[in-house]
Amino acid sequence: MQPVLLKKYGWQKYFSNFNSTNNSYSLGRIVLQHRNKYKLVSEHGEIWVRSAGNLFYSNKDNSEIPAIGDWVLFELLGNKDLGLIKSIMPRKTKISRKVAGFTSKEQVIAANIDLVFIVSALDQEFNLRRLERYLIVAKESDITPVFVLNKIDICNEVEEKYKQLKTIADKVPIIKISALEKIGLNQFDNFLKKGKTVTFVGSSGVGKSTIINCLIGKDVLRVNTLDNKKKGKHTTSHKELILLSSGCMVIDTPGMRELQLIDSKEGIEKTFSDILSLAENCYFNDCKHLNEPDCAVKSAIEAGKIDEKRLLNYRKIIDEMDGFKKFKKQNKKYTIKEKKILNKKKNL
Ligand SMILES: Nc1nc2c(ncn2[C@@H]2O[C@H](COP(=O)(O)OP(=O)(O)O)[C@@H](O)[C@H]2O)c(=O)[nH]1
Ligand SMILES: [Mg+2]
Ligand SMILES: [Zn+2]
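Right, let's walk through the structure included here. (Residues numbered from 1 in each chain as written. Chains lettered and ligands numbered in written order. Predicted model: local features only at pLDDT ≥ 70, side-chain atom pairs only at ≥ 80, totals over all residues. Heavy atoms only, no water.)

**Observations concerning the coordination of the zinc ion (ligand 3)**
Four donors placed tetrahedrally about a metal ideally form angles of 109.5 degrees, and six donors placed octahedrally ideally form angles of 90 or 180 degrees. Going by this rule: Each metal's donors comprise the N, O and S atoms found within 2.8 Å of it (within 3.2 Å for Na, K or Ca). Water is not part of the atom list, so some coordination spheres may appear incomplete. Any site counts as irregular unless it has four donors with all angles between 85 and 135 degrees, making it tetrahedral, or four or six donors with opposite ones more than 155 degrees apart and the rest between 65 and 115, making it square planar or octahedral.
Bound to the zinc ion (ligand 3) are the protein donor atoms Cys 282 (SG), Cys 287 (SG), His 289 (ND1) and Cys 295 (SG), situated 2.1 to 2.4 Å from the metal. Coordination at the zinc ion (ligand 3) is tetrahedral: its four donor atoms span angles of 103 to 117° at the metal.

**Examining empty space enclosed by the protein**
Just so we agree on the cut-off: Within this scheme a cavity is a closed region of a 1 Å grid, computed over the protein atoms alone, that accommodates a 1.4 Å probe without allowing it to escape, whereas a pocket is open but has protein on both sides within 12 Å along at least five of seven lines; lining residues each have an atom within 4 Å of a point. Grid points are joined across faces, edges and corners, and a volume is the space filled by probe spheres set on the points. Secondary structure elements follow DSSP: runs of H or I of four or more residues count as helices, runs of E of two or more count as strands, with numbering from the N terminus. Under the grouping applied here, Gly and all other residues not named as nonpolar or charged are polar, the nonpolar ones being Ala, Val, Leu, Ile, Met, Phe, Trp, Tyr, Cys and Pro and the charged ones Asp, Glu, Lys and Arg.
All chains considered together, the criterion is met by one cavity of 30 Å³ or more. Quantified by volume, the largest cavity comes out at close to 70 Å³. What lines the largest cavity is a set of 13 residues, and nearest its centre among them are Val 119, Ser 120, Glu 125, Arg 130 and Ser 203. Where the lining of the largest cavity is concerned, the elements lending two or more residues are β8 (115–121) and α4 (128–140). A class-by-class count of the residues in the lining of the largest cavity yields six nonpolar, four polar and three charged.

**A word on the site of ligand 1**
Counted only if it meets this: Working definition: residue near molecule or strand if any one of its non-hydrogen atoms lies within 4 Å of it. Residues adjacent in sequence count toward polar contacts only when both atoms are side-chain atoms; beyond that, a polar contact is any pair of N or O atoms within 3.5 Å, and within protein one must be able to donate a hydrogen and the other to accept it. Here the Shrake-Rupley method, with its probe set to 1.4 Å, supplies the accessible areas, and only the displayed protein chains count as covering residues.
The full set close to ligand 1 counts 17 residues, and Asp 153, Gly 205, Lys 208, Thr 210 and Asn 224 are the nearest of them. Asp 153 is positioned with one of its side-chain polar atoms (N or O) 2.7 Å from a nitrogen atom of ligand 1. For ligand 1, whose free accessible area comes to 580 Å², the fraction covered by protein is 86%. In terms of residues, the shell around ligand 1 owes the most to one element, helix α6 (residues 208–216), which gives three residues.

**Quick look at the side chain of Ser 42**
The cut-off we apply is this: Remark: exposure states derive from per-residue accessible area (1.4 Å probe, protein chains only) relative to the maximum for the residue type, with buried under 20%, exposed over 50%, and partly exposed in between.
When you line up the elements, Ser 42 lands in strand β2 (residues 37–42). Looking at Ser 42, the relative accessible area reads 0%, which means it is buried. Polar side-chain contacts of Ser 42 include one of 2.8 Å to the backbone nitrogen of His 44. Only 2.8 Å separates the side chain of Ser 42 from the backbone oxygen of Gly 45, close enough to count as a polar contact.

**Focus: the nonpolar core**
Let me state the cut-off plainly: The definition of a nonpolar core used throughout is a set of buried Ala, Val, Leu, Ile, Met, Phe, Trp, Tyr and Cys residues joined through side-chain atoms within 4.5 Å. For this analysis, residues touch if any pair of their heavy atoms sits within 4.5 Å.
In terms of nonpolar packing, the biggest core is built from 60 residues, with Ile 95, Leu 131, Phe 147, Leu 165 and Val 297 touching the most fellow members. Ranked by the residues each element gives to this core, the list is headed by α4, at seven residues. Setting aside residues no more than four positions away along its own chain, Phe 147 makes contact with Ile 118, Leu 131, Leu 135, Leu 165, Ile 168, Ala 169, Val 172, Pro 173, Ile 174 and Ile 175. Leu 115, Phe 117, Leu 185 and Phe 200 belong to the second largest nonpolar core, which has 25 residues in total.

**Let's talk about the pattern of salt bridges**
Counted only if it meets this: Salt bridges are identified by distance alone: a Lys or Arg side-chain nitrogen within 4 Å of an Asp or Glu carboxyl oxygen.
Within this structure, the stated rule accounts for 15 salt bridges. Its salt-bridge partner being Asp 142, residue Lys 270 comes within 3.0 Å of it at the nearest N-O pair. On the criterion of sequence distance, the pair formed by Lys 270 in helix α8 (residues 265–271) and Asp 142 in the loop between α4 and β9 (144–150) is long-range, its members being 128 residues apart. You can call Lys 270 partly exposed: its relative accessible area is 29%. Its relative accessible area of 57% is what places Asp 142 among the exposed residues. Lys 298 serves as the salt-bridge partner of Glu 308, at 3.4 Å between the closest nitrogen and oxygen. One end of the pair, Glu 308, is in helix α11 (residues 308–330); the other, Lys 298, is in helix α10 (residues 296–302), with ten residues separating them in the sequence. Of the residues examined, Glu 308 reaches a relative accessible area of 38% and is grouped as partly exposed. When salt bridges with common partners are traced through the structure, they connect Arg 129, Glu 132, Asp 274 and Arg 310 into a single cluster.

**A look at the environment of Ile 177**
With respect to the helices and strands, the residue Ile 177 is situated in the loop between β10 (174–176) and β11 (197–201). On the basis of relative accessible area, Ile 177 is assigned to the buried category, the value being 0%. It is 5.9 Å that separates the C-alpha atoms of Ile 177 and Ile 152, two residues lying 25 residues apart in sequence. If we skip the residues at most four places from it in the chain, Ile 177 touches Val 148, Leu 149, Asn 150, Lys 151, Ile 152, Ile 183, Gly 184, Leu 185, Gln 187, Phe 188 and Ile 211.

Right, here's the structure in full:
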């Protein structure tokens, strides 16, 4: 056992509760994830491992596939610098999304995260509704969120955008920076604590890799430049956990164009707590805040206290959740034909 190394990579008491009694397995954390090949930091130093077949091919939920940041138990093979992942230790937290399409399958993007920076660029892509979704993902798993408004160098209405974000942020901190011009980067210091693991989420192109390079102090990650795009280079092909000089770990994840939510009741309730507490004063207990009389939510919108678009997004997400549960129940993929029939029924 190399407790010092493991502790450096975030080993906490929490995981000890689940430590294996099987002494033939070793302990490690995934610090690099290729398609189905992983690099671990382990009791035996750095080691390349694959996942035991049953973790991949059993009929279990996708979430049982090892992900970057996971603590795993593995078996050393032959020449001692190769191994096989045998099991994943229960995750303290995770950032997940639903696999695209008519399925309830979950994809774990990163595991055992303490804090997540939700990054938005101050350009045409700035979108509060998308940020609400990322907030749900963080809150669903009790990961501390922090908003990052990047590219202040190209925006001349920074304060206006900041105010807009404030309306959905509740107590979540917001920092305003330019990764390119290196403005405001010291604000990260408050959040990058030794032994903690942080990650960045946000659409492709908002500047996540540029920010992480600034934090590392070197251009380790490839940035999504137009030049790279023209050459058809895929900018983030793998996921990596990097130890910063502060002792904090940072994980870079590929951009997520579309963020479909898994079952996220708690995250939704926490993210839209303003709407939910208003709803307690609606006349009908099951008020949908559409056209019901005495609707406290509608009144708040009319009074300018809540943006109607926020309510619409809330409703859209609730609908999505209903759909998700249906998929889960049926526990099978819809064929295109079934999808057409389903849509037809909806339009009747
Ligand atoms: N103007 C400006 N451009 C930035 C800033 N940060 C990143 N970029 C540019 O945005 C593009 C995408 O950056 P990248 O870090 O690859 O974004 P990612 O896809 O979120 O990882 C690159 O061309 C960066 O140079 C910034 O603060 N200001
Ligand atoms: Mg990137
Ligand atoms: Zn109502």
